[in-house]
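# Structure at a glance
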Amino acid sequence: ARDDCEAYRHARTRTADGREKLLYANVASAEECRSACQNGCEGVGLFRSEFLFYQSGEQLPTEEAQYRVYAEAVRNMQGRPIIIRTFDAGGDKKIPALKLEADENPFLGYRAIRICLRERTLFKTQLRALLRAGREGTLRIMFPMIATAAELREAKEVFHEARGELLRENIPIAEHVELGIMIEVPSAVMMSDLLAREVDFFSIGTNDLTQYTLAADRGNKRVANLYSHYDPAVIRMIAHTIESAHKAGIPCGMCGEAAGDASYVPLLLGLGLDEFSVTSRAIPALRAAMARLREETCRELAARVLRLATREEVASVLTGTGED
Ligand code: PEP
Ligand code: MG
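Conventions adopted
- The residue numbers shown here count from 1 along each chain, following its written sequence.
- Chains and ligands are labelled by the order in which they are written, letters from A for the one and numbers from 1 for the other.
- Where totals are concerned, whole chains, interfaces and linings use all residues; where local detail is concerned, this predicted model gives features only for residues with pLDDT of at least 70, and gives and counts side-chain atom pairs only at 80 or more.
- UniProt positions are given in the numbering used here, feature names are shortened, and annotations may be inferred rather than shown by experiment.
- Put simply, DSSP marks the helices as runs of H or I at least four residues long and the strands as runs of E at least two long, and each gets a number from the N terminus on.
- The quantity called the radius of gyration is restricted to C-alpha atoms. Its globule counterpart is 2.2 Å times the number of residues to the power 0.38.
- Two residues qualify as being in contact provided that their C-beta atoms, derived from the backbone, are within 7 Å of each other.
- The criterion for a residue being near a molecule or strand is a backbone-placed C-beta atom within 6 Å of that molecule or strand.
- Under the convention adopted here, Pro, Cys and the residues Ala, Val, Leu, Ile, Met, Phe, Trp and Tyr are nonpolar, Asp, Glu, Lys and Arg are charged, and Gly plus all remaining residues are polar.
- Note on pairing: DSSP must find at least two bridges between two strands before they are called paired.
- Axes here refer to lines fitted to C-alpha atoms; in helices the fit is confined to the stretch in contact. Angles between the N-to-C directions go from 0 to 180 degrees.
- Burial is judged by counting other C-beta atoms within 10 Å of a residue's own C-beta: 20 or more means buried, 12 or fewer means exposed, and anything between counts as partly exposed, with every C-beta placed from the backbone.
- The reported arc concerns the directions from the helix axis to the C-beta atoms and nothing else.
- Oblique is the label for any angle not covered by the other classes, which are roughly parallel (under 35 degrees), roughly antiparallel (over 145) and roughly perpendicular (65 to 115).
- Two helices crossing with the near one rotated counterclockwise from the far one by less than a right angle form a left-handed crossing, whereas a clockwise rotation gives a right-handed crossing.
- A set of buried Ala, Val, Leu, Ile, Met, Phe, Trp, Tyr and Cys residues, joined through C-beta atoms within 7 Å, is what we mean by a nonpolar core.

In the annotation of an unreviewed UniProt entry, the protein chain is listed under the name Phosphoenolpyruvate-protein phosphotransferase and assigned to Dysosmobacter acutus. Of the comments in the UniProt record for the protein chain, the one headed Sequence similarities (unreviewed entry) reads "Belongs to the PEP-utilizing enzyme family."

## What about the overall build of the protein chain?
When helices and strands are counted, the protein chain shows 15 helices and 8 strands. The C-alpha radius of gyration of the protein chain comes to 19 Å, within 12% of the 20 Å expected for a compact globule of 324 residues. Structurally, the protein chain occupies a C-alpha span of about 55 × 45 × 35 Å along its principal axes. Within the protein chain, contacts between residues at least 6 apart in sequence are counted, and of these 70% link residues at least 24 apart.

## Brief notes about the site of ligand 1
Surrounding ligand 1, one finds L46, R48, D88, E184, G205, T206, N207, D208, C255 and G256. Those elements giving two or more residues to the shell around ligand 1 turn out to be strand 2 (44-48) and helix 10 (206-214). In terms of residue class, the shell around ligand 1 is built from 2 nonpolar, 4 polar and 4 charged.

## Some thoughts on the sheet that holds strand 3 (residues 81-85)
Ordered by their spatial adjacency, 8 strands build a closed barrel running 1-2-3-4-5-6-7-8, and the pairing between neighbours is parallel. Across the sheet, the axes of successive neighbouring strands diverge by a mean angle of 25 degrees, strand direction being ignored. Both strand 7 (residues 252-254) and strand 8 (residues 275-278) contribute to a ladder of 2 bridges, which runs parallel. Bridging across to strand 8, M254 finds its partner in F276. Contacting strand 1 (22-27), strand 2 and strand 3, helix 2 (residues 30-38) crosses the sheet at an angle of about 150 degrees to strand 1.

## A look at unusual backbone geometry
Its identity is not glycine, yet K99 carries a phi of approximately 45 degrees, on the positive side. Along the polypeptide, K99 turns up in the loop between strand 3 and helix 5 (113-118). The exposure class assigned to K99 is exposed, which follows from the 7 C-beta atoms found within 10 Å. Unusually for a residue other than glycine, A215 sits at a positive phi of about 50 degrees. Among the structural elements, A215 can be located in the loop between helix 10 and helix 11 (232-247). On the basis of neighbour count, A215 is assigned to the exposed category, with 11 C-beta atoms found within 10 Å.

## Focus: helix 13 (residues 283-291)
What helix 13 keeps buried is the set I283, P284, L286, R287 and M290. Considered in projection along helix 13, the buried side chains sweep an arc of 165 degrees and stay on one side of the axis.

## Quick notes on the packing of helix 6 (residues 120-133) against helix 7 (residues 149-168)
Relative to each other, helix 6 and helix 7 sit at 60 degrees, their axes nearing to 9 Å. Judged on the interaxial angle alone, helix 7 and helix 6 are oblique. In this structure, helix 6 crosses over helix 7, and the sense of that crossing is right-handed. Judged by residue contacts, R120, F123, K124, L127, R128 and L131 of helix 6 engage V158, F159, E161, A162, R163 and L166 from helix 7. Classifying every residue of the contact of helix 6 with helix 7 by side-chain character gives 7 nonpolar, no polar and 5 charged.

## Some thoughts on helix 2
The complete set of buried residues in helix 2 reads C33, A36 and C37. One face of helix 2 carries all of its buried residues, which in axial projection span an arc of 95 degrees. Residues of helix 2 that are buried in the fold lie against strand 1, strand 2, helix 4 (63-76) and strand 3. Two residues or fewer after helix 2 comes G40, characterised by a positive phi angle close to 90 degrees.

## Examining the nonpolar core
Judged by nonpolar contacts, the single largest core of 90 residues is most densely connected at V44, Y70, I82, L130, I181, L268 and F276. If you tally residues by element for this core, the top one is helix 11, at 7 residues. If sequence neighbours within four positions are ignored, F276 has contacts with K21, L23, Y24, M254, A259, L268 and L286.

Here's what the structure looks like:
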């Protein structure tokens, strides 16, 4: 099986019936972009930029410091696309330099895009660094935790401000940068038909989407029985999001853990997911697995799963054991 996977490491991702898919990597540093390419990724679907902000101690990273890291990350991709997520702090991710007050409900509180839209200078600094780094290859920008269309519009406004500033300052920037959002809040799923008209791509964040759909903290062991991407409600959220994306003519990816769950991949293929962003070590084996799957058959599987009522029923169909 190992040799079998090796043959797929640097191949294109294709199902047995010839449908082209994309296997991207989740990374958290410029260095990891290099190993992701060695593992055969066709791009990076999630570059978690937060690490720059944790590591920065009492000081926030400057535009220059961020630019160097993003530019290196983009260069390390050697032409492959890279989706950099703007900083996703708060929740359980603490940023010392921001000196944030503790929230009573951190996951429902002041985090991610909510901080960026309040701390505009911080956000604009990051967007400026990204626009500059985009000249080194194919950079896409993704906003996390979008809950409303108003937030998306505001984030795009800051992006255009940053762009306008750089142009006026005669600083070279990427000609075109695609903008996308993470779909990880149920309100965004419900609004996905309209959100899809305002962005270039979606990426579903199942780690958060699962916790928000089921109102079950992703880190709390006492509610771990509820927290599962096998839950039918989560699957319906995913199905709805992909459908909205495709109706609007944009691609839909996934960068939560679920995208790399081998038992779940046939379902995701059946629902029409375009891009799977996973830990890069998993790529050769996933590509080999997809090459053995027919989309046609996966579609029948998805239709069947969408009629199920419980997580256990879904698990028994997808894994054949009732375990997930
Ligand atoms: C997610 O929520 O699924 C996701 C990919 O983001 P993170 O795990 O960084 O919150
Ligand atoms: Mg998330």
